[in-house]
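Observations on chain architecture
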Amino acid sequence: MGATATVRKSDFIDAMEENQKDVRKMAMDSYHDIEKGKGRDYKEFFAELESRYRNANV
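Residues numbered from 1 in each chain as written. Predicted model: local features only at pLDDT ≥ 70, side-chain atom pairs only at ≥ 80, totals over all residues. Heavy atoms only, no water.

As recorded by an unreviewed UniProt entry, the protein carries the name Antitoxin and is attributed to Blautia difficilis.

Next up, the structure:
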């Protein structure tokens, strides 16, 4: 029974790491779009990003 809990925890950690990779990729894709003049102004982008994480429970 203990091994099952370990597998679940390991799966959860793997999923969290994968999610972090996805978030970093999306942030970098957006950053590169801003560099190319696509999408939103960088000030707007970073203001929104800051507002999302300022009050986040981490």
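**With respect to the overall build of the protein**
Which entries qualify depends on this criterion: Comment: elements are numbered from the N terminus, with helices defined as DSSP H or I runs of at least four residues and strands as E runs of at least two. Burial here depends on accessible area, computed with a 1.4 Å probe over protein chains only, as a share of the maximum for the residue type. Under 20% is buried, over 50% is exposed, and the range in between is partly exposed.
Looking only at helices and strands, one finds two helices and zero strands in the protein. For the protein, the residues scored as buried account for 3% of the 58 residues in total.

**Re a nonpolar patch on the surface**
The condition is simple: The residues that make up patches have over 30% relative accessible area and no salt bridge, and they are joined within 9 Å when like-charged or within 5 Å when they are Val, Leu, Ile, Met, Phe, Trp or Tyr. Note that accessible areas follow from Shrake-Rupley with a 1.4 Å probe, and for residues the cover is restricted to the protein chains shown. Criterion for a salt bridge: a side-chain nitrogen of Lys or Arg within 4 Å of a carboxyl oxygen of Asp or Glu.
On the surface, V23, M26, M28, Y31, Y42, F46, L49 and Y53 cluster together into a nonpolar patch covering about 760 Å² of accessible area. Within the residue set of the nonpolar patch, elements represented by two or more residues are α1 (2–35) and α2 (42–54). Looking at where V23 falls in the secondary structure, it is placed in helix α1.

**Considering the pattern of salt bridges**
Scanning the model with the defined rule gives three salt bridges in all. Here D29 makes a salt bridge to K25, at a shortest N to O gap of 2.7 Å. Of this pair, D29 and K25 both sit in helix α1, separated by four residues, roughly a single helical turn.

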